[in-house]
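The lines below spell out each chain.
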There are 4 protein chains.
Amino acid sequence: MIIQFKQPVNQAVLQEILRKLKDAHYHGILVKNHLVIFDVAHLELTPREQAAIADVITEQPRYVLGSRVFHPEDTIIQTAHNRIGGQQFTVMAGPCSVENQAMITDLAAKVKAAGATVIRGGAYKPRTSPYDFQGLGETGLRYLRAAADQQGLDVITEVMSIDEIAVAAPYTDIFQIGARNMQNFDLLKAVGKAGKPVALKRGLAATIDEMLNAAEYIAAQGNLQIMLVERGIRSFDSTYTRNVLDVGGIAVLRKLSHYPVIVDPSHASGHADLVAPLAKAGVAAGAQGMLVEVHQDPAKALSDAAQQLTPAQFAPLVQQVQQIHALLQQPLTSDLQTPAQSTATTAPVDHD
Amino acid sequence: MIIQFKQPVNQAVLQEILRKLKDAHYHGILVKNHLVIFDVAHLELTPREQAAIADVITEQPRYVLGSRVFHPEDTIIQTAHNRIGGQQFTVMAGPCSVENQAMITDLAAKVKAAGATVIRGGAYKPRTSPYDFQGLGETGLRYLRAAADQQGLDVITEVMSIDEIAVAAPYTDIFQIGARNMQNFDLLKAVGKAGKPVALKRGLAATIDEMLNAAEYIAAQGNLQIMLVERGIRSFDSTYTRNVLDVGGIAVLRKLSHYPVIVDPSHASGHADLVAPLAKAGVAAGAQGMLVEVHQDPAKALSDAAQQLTPAQFAPLVQQVQQIHALLQQPLTSDLQTPAQSTATTAPVDHD
Amino acid sequence: MIIQFKQPVNQAVLQEILRKLKDAHYHGILVKNHLVIFDVAHLELTPREQAAIADVITEQPRYVLGSRVFHPEDTIIQTAHNRIGGQQFTVMAGPCSVENQAMITDLAAKVKAAGATVIRGGAYKPRTSPYDFQGLGETGLRYLRAAADQQGLDVITEVMSIDEIAVAAPYTDIFQIGARNMQNFDLLKAVGKAGKPVALKRGLAATIDEMLNAAEYIAAQGNLQIMLVERGIRSFDSTYTRNVLDVGGIAVLRKLSHYPVIVDPSHASGHADLVAPLAKAGVAAGAQGMLVEVHQDPAKALSDAAQQLTPAQFAPLVQQVQQIHALLQQPLTSDLQTPAQSTATTAPVDHD
Amino acid sequence: MIIQFKQPVNQAVLQEILRKLKDAHYHGILVKNHLVIFDVAHLELTPREQAAIADVITEQPRYVLGSRVFHPEDTIIQTAHNRIGGQQFTVMAGPCSVENQAMITDLAAKVKAAGATVIRGGAYKPRTSPYDFQGLGETGLRYLRAAADQQGLDVITEVMSIDEIAVAAPYTDIFQIGARNMQNFDLLKAVGKAGKPVALKRGLAATIDEMLNAAEYIAAQGNLQIMLVERGIRSFDSTYTRNVLDVGGIAVLRKLSHYPVIVDPSHASGHADLVAPLAKAGVAAGAQGMLVEVHQDPAKALSDAAQQLTPAQFAPLVQQVQQIHALLQQPLTSDLQTPAQSTATTAPVDHD
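Just so you know, the residues in each chain are numbered from 1, in the order the chain's sequence is written. Whichever chain is written first becomes A and whichever ligand is written first becomes 1, with later ones labelled in order. Note on the predicted model: pLDDT of at least 70 is required for a residue's local features to be given, and 80 or more for side-chain atom pairs to be given and counted; whole-chain, interface and lining totals, by contrast, use all residues. Side-chain measures here rest on the full set of heavy atoms in the structure, leaving out hydrogens and waters.

(A) How the structure looks around the environment of Ser266 of chain A. Residues and elements named next belong to chain A. Topologically, Ser266 is positioned in helix α9 (residues 265-269). In this structure Ser266 comes out as buried when scored by relative accessible area, which is 0%. Residues Ser266 and Gln60 lie 206 residues apart in sequence; the distance between their C-alpha atoms is 34 Å. By definition in these notes, contact holds between two residues if any of their heavy atoms fall within 4.5 Å. Those residues within four positions of Ser266 in sequence are excluded, and the remaining contacts are Val275, Leu291, Val292, Glu293 and Gln307. By the criteria applied, helices consist of DSSP H or I runs no shorter than four residues and strands consist of E runs no shorter than two, each listed in order from the N terminus. When accessible area is computed with a 1.4 Å probe and restricted to protein chains, residues below 20% of their type maximum are described as buried, those above 50% as exposed, and intermediate ones as partly exposed.

This is the structure:
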């Protein structure tokens, strides 16, 4: 529920309502002159309170800070070396895991030469099994930062727990929240407080609304420097692709939200020879950046051996993706329709 | 199981083995000097038979006629007005249902002007409910054919039952098999015998292997003029998109099979304003054609009101899709890898 | 849309409206004094027509004949040897495929001894690959009928095409429509006309509403002798179970519809050692019968080798399932709630 | 990879190998005389090391502590008031959220009277939106503990972050890890160290192997007091049930693992009138306990309004579920098969 106050907001009434909510263990947030609160049926308002209120909105999606309704223009995220979002296309690349200093130093030069402006690399790895390689931790972060600084690149790296945020902060420009943690709400709040850009990956079976509500946990801490990463969702068929890249989801996120949308074709495909078509599909659907795993010798990688590209495979892909992105900067009639027009229909549908 | 005969094939032995199979109610097909049969563990071969055999292949996928292993080069389908497949990009468009003569005659001119060379239109409609509009039947086919001939377009239309094949044959250039019928095996056999090109749509929850095996039912009748249509698969989230367009599936089909692959963004999205990004994503992933629903006044359509484009929305989309297709005709290193490299890996994977 | 006429129905007006619909290529069906028609926004009614109409219902689900709204009491299907539905529990068992006369004759005796009153057996097999064993056809049906008659059992067997209905009719008591054909609408209409009981299997990714609408195609032909078979749906995990048995779907079907609901644990599990727990779960959720694959020597079966039970495994299962069914005949408070109470909620949900 | 040492283990060689692994940033754990390590292809062993090794196992699933291969007998978890697992059936019930002291005190008496021996109640709530009710925190835990002690019940409550473990420890007997956190690996390690029983809920789209590997993170900390909770998985159809209860998953977990398996019908259904059939299905499939949401006045609940039972609905359900459980204590032939027999088959399957 959103309570829209008359301008100027009657502070006395606002405080009064906030107190009522607090007593009932409800939470709220003020956006401009809108008070967004937990959807409470039985909030009683005095006539005096009602007099201060312009409107009560119940239809609005529960992600408010992330919605174009309150923030129509694209968010642009400014980092040391990049402007991410809007008409920009940002290439982020690097190994799944930082394995040692030599490999990351060498890769930083290679991905930069190919057109990347952000380097990725895992130091804390979310692994299915406790017996899998878990990453180099802070040592890996130090290698990663040094390699990035040599090349003038931004760093993106994943944090899996609240403690790791403080450890990683000095080394990274962008915090990545992995798919497994998309609804780790305490981690989202903590990274929201950390005050650096956050790349939020879509959960394996997260709906678009769940992803935008997860982003809202970060935004509600005052941090709107959020990127939304589509990395493929789970389906009934994983014979040839580990996940299904939801290109429709990319288009929907672009329309509903003002945050930059990034495609991760590596985790969507799970196989190196599918990374290129998925990357191209993602940018064609509207992605404003891509996050690609690159390794000098994928077969010897300590993780994700099957899906990492060689620098030789990566370079031509960057060129082609950038050409498609450039091509798409001329708007299409059918892209200009409003979100309202994309709400689900009840009209009978055929199935050919 | 595939029995590869020594060249020249020993006809006596071949006949002998075929007889054995028939007695055991097994079925087989001879491709060049390869006998493809139901995977029978306990087929006993005499020494004389074994002497005539070069090899017994058990690893090969069960779709043989559709596989690049036996047919490496792209299949090109020649129709009255089109060459479909290979480096071509074919635009197929028209209404969900043929509603009357005036609308289809008018639309044929409009989609042709926009760049379409094949017109679609449903005369027999697979509808979820028996109380929904079921289509005009043969009357609709007559309208569709006349409109196509006026404009020099090919016709594609769906058949839902064996009887409809004979009725539709004089009016259509391409038979469409809908998603609901992808594994209607008797219909597949019948359309395979009809000797016209067939566009086979992927089932709502069909795996890539099931789709290629369904195509094999058509091919086993001697008809290799098959198009594979990706139209979106079912997922856990249909709030904003009716289905999830499996762009990875498009790339996999291009690699495993030699048949032309077509993208249907209309049924994948379910919403007009998502058709454009999905169409672009599909061609970027490797589709060699697109099948799009276009209607003069979608809001008044008798079916699929929500997802049909107006001619004004369709025209710029065709241009942009054709530009992307042209761009992609320069091959990418990472696209040139062999199917072997895309088989599933067992290497431990991470989940960021 | 449902037009409810005042009693007695004004036949002149009814015919007039039916004519209007026909001219517009719409279809309708009269249930008691209710005319169920394709949901047409712009049907114009004259004042005289309006005067004959009591109400226009737009909320009602589109499956009307199958709904408890119009038919509150359970449907009981009377066959030669069984009363299926209501408080009855019917055991149907037999091999995946009829392989020869000896095996089916022997199995008929064994499944009867274990408590089955209907024998199953495939003569026409829907196989993923055209090179798989396709079944014995009419020969198999003859063996099946003879075996059933010897033991006083009903026969259930699958038909995959319209032609097979006439062939199979003399041999079977119940037509089975397989999951692949759940939305083969012409087959549904044809089997609806055949006037024998029909067991309709849920499609691999069919929603409950799609299944009830598919049943409506059969019912709209005047045949309400329908059984709904839950046989598992597709999910993201098929490592240990081929499909996921949707026990919630069984409970929902029992509540929304009056047709008997049958559980097929064999196809849901795909593995013999999971058939027992799934069968028990299905009956515990409200199934009124079970359809189980039994084979003398599963390892040598020509199809479904992995999932068929031996007679020795089947017999104790029947006892235990019947005990659970008997236990459940005392109603539970929470089972007596009305369908209205199970409609989706918009209240915020937690995710623990 | 598992290195099985000859008995007695050569400690010098063991230490040597552990050092090698550490240098390469690999991790391992010793189970009896088995060293379980990250699957490293290129670990070089000296002849002296090889001489100390009995076998190298590469086939074994990566969850070792949780597998019946190493621990054939059921794990029984002893708490203050319960023995959970084996032949026991444990009823856990209570509100979604602890809303105030009066409601939880009253509910504790009611669920105990109905047969529950563990009370549930959320104090820290994982909510999709930051604007939803987030729970009473430690105040709620205090109310919950007091209510449980009055009735002689154990407490189960969810922790969402590492910090909450220390706060909740004095108040709870069982830590619950929610579906959203199933792969929050740092939380799993922390709760593993806390030394209290843990109820691990299956993720929304987690495979059985992922769930057992998540449990392995807890077990690898030396804590084998783990319960596995099936609470429904995501599917393509959520019209009538929020999730699909995977009863096959319950049966598979019982077979592969020795941990107690609990069914949560409340989150699986999402609707009160489906809780009973799902609970019964879960116990019929082999669940050793159930976790049910109960509230005095569900319609007024601050969360999960739609799915909570009233005490009057809950009481007869407990009776019936306990009757089914008692019935199932006589083993079935088909239940006694070994895990080996349930591995996926490659035999051609039919689809009726």
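(B) Looking closely at the relation of the copies chain A and chain D. In this comparison the copies share one frame, found by least squares on the C-alpha atoms of residues holding pLDDT of at least 70 in both. By a simple turn and slide, chain A fits onto chain D: the slide is 0.0 Å along the axis, the RMSD is 0.0 Å, and the turn is 180°. Taken together, these values place the two copies in the relation of a two-fold axis. Identified as the residue of chain A closest to the rotation axis by C-alpha distance is Ala205 of chain A, at 2.9 Å.

(C) Highlighting the packing of helix α10 (residues 272-284) of chain D against helix α11 (residues 311-327) of chain D. All names here are of chain D. It is at 9 Å that the axes of α10 and α11 come closest, and there the two elements cross at 20°. Taken together, α10 and α11 sit at an angle that is classed as roughly parallel. Read as a crossing pair, α10 and α11 show a hand that is right-handed. Where α10 abuts α11, its residues Val275, Ala276, Ala279, Lys280, Val283 and Ala284 lie against Leu317, Gln320, Val321, Ile324 and His325. By the convention adopted, Pro, Cys, Tyr, Trp, Phe, Met, Ile, Leu, Val and Ala count as nonpolar, Lys, Arg, Asp and Glu as charged, and the other residues, Gly among them, as polar. Of the residues belonging to the contact of α10 with α11, the class tally is 8 nonpolar, 2 polar and 1 charged. Angles shown run from 0 to 180 degrees and are taken between the N-to-C directions of axes, each axis being a line fitted to C-alpha atoms and, for helices, limited to the stretch in contact. Any angle from 65 to 115 degrees is called roughly perpendicular, while one under 35 is roughly parallel, one over 145 is roughly antiparallel, and all others are oblique. By definition, any crossing whose near helix is turned counterclockwise from its far helix by less than a right angle is left-handed, and any crossing with a clockwise turn is right-handed.

(D) Layout of the UniProt feature "domain: DAHP synthetase I/KDSA" (unreviewed entry) in chain A. UniProt positions are given in the numbering used here, feature names are shortened, and annotations may be inferred rather than shown by experiment. According to UniProt, the feature "domain: DAHP synthetase I/KDSA" (unreviewed entry) maps to residues 83-326 of chain A in the numbering used here. Along residues 83-326 of chain A the backbone is 41% helical and 15% strand, and the end-to-end C-alpha distance reaches 16 Å.

(E) Structural context of the side chain of Glu49 of chain C. All names here are of chain C. Take Glu49: it is sitting in helix α2 (residues 47-51). On the basis of relative accessibility, which here comes to 0%, the residue Glu49 falls in the buried class. Polar contacts, as counted here, are pairs of nitrogen or oxygen atoms within 3.5 Å of one another; within protein the pair requires one atom able to donate a hydrogen and one able to accept it, and residues that are adjacent in sequence qualify only if both atoms are side-chain atoms. Side-chain polar atoms of Glu49 contact the backbone nitrogen of Thr46, separated by 2.8 Å. The residues contacting Glu49, other than those within four sequence positions of it, are Val13, Glu16, Ile17, Lys20 and Glu44.

(F) Region of interest: helix α11 (residues 311-327) of chain B. Helix span, expected: 1.5 Å multiplied by one less than the number of residues in the helix. A rise of 1.5 Å per residue sets the reference length of α11 of chain B, with its 17 residues, at 24 Å; its end C-alpha atoms lie 25 Å apart and thus fit the reference within 8%. Where α11 of chain B is buried, its residues meet α11 (311-327) of chain A together with β7 (90-94), α3 (101-114), α10 (272-284) and β14 (289-293) of chain B.

(G) Here's a closer look at the sheet that holds β7 of chain B. Residue and element names in this part refer to chain B. Between any two strands, at least two bridges found by DSSP are needed for them to pair. Pairing in this closed barrel of 8 strands is parallel, and the strands run β7-β8-β9-β10-β11-β12-β13-β14 around the ring. This sheet shows a mean twist of 25° between the axes of neighbouring strands, independent of strand direction. Sheet contacts for helix α4 (residues 138-151): β8 (118-120) and β9 (154-158); angle to β9, the most-contacted strand, approximately 160°.

(H) Here's a closer look at helix α4 (residues 138-151) of chain A. All names here are of chain A. Between its first and last C-alpha, α4 extends 20 Å over 14 residues, near the 20 Å set by a 1.5 Å rise per residue. Where α4 is concerned, the buried positions are Gly140, Leu141, Leu144, Arg145, Ala147, Ala148 and Gln151. In an axial view of α4, the angular spread of the buried residues amounts to 165°, which keeps them on one side of the axis. Elements that come into contact with the buried residues of α4 comprise α3 (101-114), β8 (118-120), β9 (154-158) and α5 (162-168). Positioned one or two residues after α4, Gly152 has a phi angle of 65°, which is positive. Directions from the helix axis toward the C-beta atoms define the arc.

(I) Geometry of the nonpolar core. To qualify as a nonpolar core, a set must consist of buried Ala, Val, Leu, Ile, Met, Phe, Trp, Tyr and Cys residues joined through side-chain atoms within 4.5 Å. The biggest cluster of nonpolar side chains holds 356 residues, and the ones touching the most others in it are Phe314 of chain A, Phe314 of chain B, Phe314 of chain C together with Phe314 of chain D. Not counting chain neighbours up to four residues away, the residues in contact with Phe314 of chain B comprise Val91, Ala93, Val111, Ala114, Ala116, Met290, Val292, Val294 and Leu309 of chain B.

(J) Geometry of the side chain of Ser161 of chain A. Of note, Ser161 of chain A is situated in the loop between β9 and α5. Among all residues touching Ser161 of chain A, those that are not within four sequence positions of it are Leu187 of chain A together with Asp186 of chain D.

(K) View of the sheet that holds strand β2 (residues 28-31) of chain C. Residues and elements named next belong to chain C. With antiparallel pairing, 4 strands are arranged side by side in an open sheet as β2-β3-β1-β4. Edge positions in the open sheet fall to β2 and β4 (53-57), since each of these has one partner strand only. The sheet shows a mean angle of 20° between the axes of neighbouring strands, direction not considered. Sheet contacts for helix α1 (residues 11-23): β1 (2-5), β2, β3 (34-37) and β4; angle to β3, the most-contacted strand, approximately 5°.

(L) Layout of the pairing of strand β1 (residues 2-5) of chain D. All names here are of chain D. Strand direction decides the pairing type here: β1 and strand β4 (residues 53-57), joined by 4 bridges, are antiparallel. Bridged to Phe5 within β4 is Ile53. When β1 meets strand β3 (residues 34-37), the two strands line up antiparallel, connected through 3 bridges. Each bridged residue has a counterpart across the sheet, and for Gln4 the counterpart in β3 is His34.

(M) View of the interface of chain A and chain D. Contact with chain A, which involves 40 residues of that partner, is made by 40 residues of chain D. Buried area: the accessible area, evaluated with a 1.4 Å probe, that two parts lose upon being put together, summed over both parts. Together, the buried faces of chain A and chain D total about 4,000 Å²; carbon and sulfur atoms form 55% of this surface. Should a side-chain nitrogen of Lys or Arg be within 4 Å of a carboxyl oxygen of Asp or Glu, the pair is scored as a salt bridge. Where chain A packs against chain D, one counts 4 salt bridges. Across the salt bridge formed by Glu210 of chain A and Arg234 of chain D, the nearest N and O atoms sit 2.5 Å from each other.

(N) Up close: the pattern of salt bridges. In this structure the tally under the stated criterion is 68 salt bridges over all chains. With a shortest N-O distance of 3.0 Å, Glu16 of chain A and Arg48 of chain A are connected by a salt bridge. In this pair, Glu16 of chain A is assigned in helix α1 (residues 11-23) and Arg48 of chain A in helix α2 (residues 47-51), connecting sequence segments 32 residues apart. Under the relative-accessibility criterion, Glu16 of chain A is labelled partly exposed at 23%. Note that Asp74 of chain B and Arg254 of chain B form a salt bridge whose closest N and O atoms lie 3.5 Å from each other. One end of the pair, Asp74 of chain B, is in the loop between β4 (53-57) and β5 (77-78); the other, Arg254 of chain B, is in helix α8 (residues 247-256), and 180 residues separate them in sequence.

(O) Structural context of the packing of helix α6 (residues 185-193) of chain B against helix α7 (residues 208-219) of chain B. Residue and element names in this part refer to chain B. Following both chains from N to C, one finds α6 and α7 inclined at 45°, their axes separated by 7 Å at the closest point. On the basis of the axis angle, α6 is oblique to α7. Between α6 and α7, the contacting residues are Phe185, Leu188, Lys189, Val191 and Gly192 on the first element and Ala214, Tyr217 and Ile218 on the second. The class makeup of the residues in the contact of α6 with α7 is 6 nonpolar, 1 polar and 1 charged.

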